[in-house]
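Notes for the structure review
The chain contents come next:
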Amino acid sequence: MYKIIENNEKNRWRAIISLLFMLFLAVGLNAQNFTVSGKVTDPDGNALPGTAIVIKGTTVGAVTNDGGNYVLDNVPNGSVLEFKLVGFVTQEIQVSA
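Here's what I pulled together on the structure shown here. (Residues numbered from 1 in each chain as written. Predicted model: local features only at pLDDT ≥ 70, side-chain atom pairs only at ≥ 80, totals over all residues. Heavy atoms only, no water.)

On to unusual backbone geometry. Its identity is not glycine, yet Asn 74 carries a phi of approximately 55°, on the positive side. As for its placement among the helices and strands, Asn 74 is situated in strand 4 (residues 69-76). Relative accessible area serves as the criterion here: at 54%, Asn 74 is assigned to the exposed category. (Helix = DSSP H or I, 4+ residues; strand = E, 2+ residues; numbered from the N terminus. Buried < 20%, exposed > 50% of the residue type's maximum accessible area, 1.4 Å probe, protein only.)

This part is about the layout of surface pockets. Counted as a void, the largest pocket has a volume near 270 Å³. When residues of the lining of the largest pocket are traced back to their parent elements, those giving at least two are strand 5 (80-84) and strand 6 (91-94). Here the residues of the lining of the largest pocket sort into 9 nonpolar, 3 polar and 2 charged. (1 Å grid on protein atoms, 1.4 Å probe; cavity = no way out; pocket = protein on both sides within 12 Å on 5 of 7 lines; lining within 4 Å. Points joined across faces, edges and corners; volume = space filled by probe spheres on them. Nonpolar A, V, L, I, M, F, W, Y, C, P; charged D, E, K, R; others polar.)

All right, on to the sheet that holds strand 3 (residues 61-63) then. Spatially, 4 strands are ordered 3-2-5-6 in an open sheet, and the strand pairing comes out antiparallel. Strands at the two margins of the open sheet, each flanked by one partner only, are strand 3 and strand 6. Between one strand and the next, the sheet's axes are offset by a mean angle of 20°, whatever the strand orientation. Across 4 bridges, strand 2 (residues 52-55) lies against strand 5 in antiparallel orientation. Note that in strand 5 the partner of Ile 55 across the bridge is Leu 81. (Pairing = 2+ DSSP bridges. Axes fitted to C-alpha atoms, helices over the stretch in contact; angles between N-to-C directions.)

We now examine the pattern of salt bridges. Where charged atoms from two side chains of opposite charge come close, those side chains can pair. With the rule as written, the count across this model stands at 2 salt bridges. Here Glu 92 makes a salt bridge to Lys 56, at a shortest N to O gap of 3.0 Å. Here Glu 92 is found in strand 6, whereas its partner Lys 56 is found in the loop between strand 2 and strand 3, with 36 residues between them in sequence. The partner of Glu 82 in a salt bridge is Lys 84, and the shortest N-O contact between them spans 3.6 Å. Residue class for Lys 84 comes out partly exposed when judged on its relative accessible area of 38%. (Salt bridge = Lys/Arg side-chain N within 4 Å of Asp/Glu carboxyl O.)

In this section: the pairing of strand 6. As judged from the 4 bridges shared by strand 5 and strand 6, these two strands associate in the antiparallel manner. Bridge pairing links Val 80 to Gln 94 in strand 6. Counting the residues that bridge the hairpin from strand 5 to strand 6 gives 6 residues, and of these Gly 87 lies at a positive phi of roughly 90°.

What follows concerns the side chain of Ser 79. The topology assignment puts Ser 79 in the loop between strand 4 and strand 5. The exposure class assigned to Ser 79 is buried, which follows from its relative accessible area of 12%. Ser 79 has contacts with Ile 55, Ile 93, Gln 94 and Val 95, leaving out every residue within four places of it along the chain. (Contact = heavy atoms within 4.5 Å.)

Quick look at the nonpolar core now. Within the largest apolar cluster, 12 residues are counted, these being Val 36, Val 40, Leu 48, Ile 53, Ile 55, Ala 62, Tyr 70, Leu 72, Val 75, Leu 81, Phe 83 and Val 95. Among the elements that line this core, the one with the most residues is strand 4, at 3 residues. Setting aside residues up to four positions removed in sequence, Leu 48 forms contacts with Val 40, Thr 41, Asp 42, Thr 64, Gly 68, Leu 85 and Phe 88. (Core = buried A, V, L, I, M, F, W, Y, C linked by side-chain atoms within 4.5 Å.)

Structure representation (structure tokens):
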């Protein structure tokens, strides 16, 4: 009977350690996302409202406000952001830590 209790204790500790490891792994994976913000301007420094910013290959994005400012949440590290506005050449910028 002592061995059965001892094995159950070992299994319980293994389960706790495994759960903690998975929790830290999940937090680590989530930490690789960023909030990206900025201001889109033309070569003269004028704000460009209505510019679409999209994470390339997805439908996730944002549009600049009247001041040319934008905020894009949960952007994965290494993603490429596409900046699009009619009358301008589309630009791509890679997000990195």
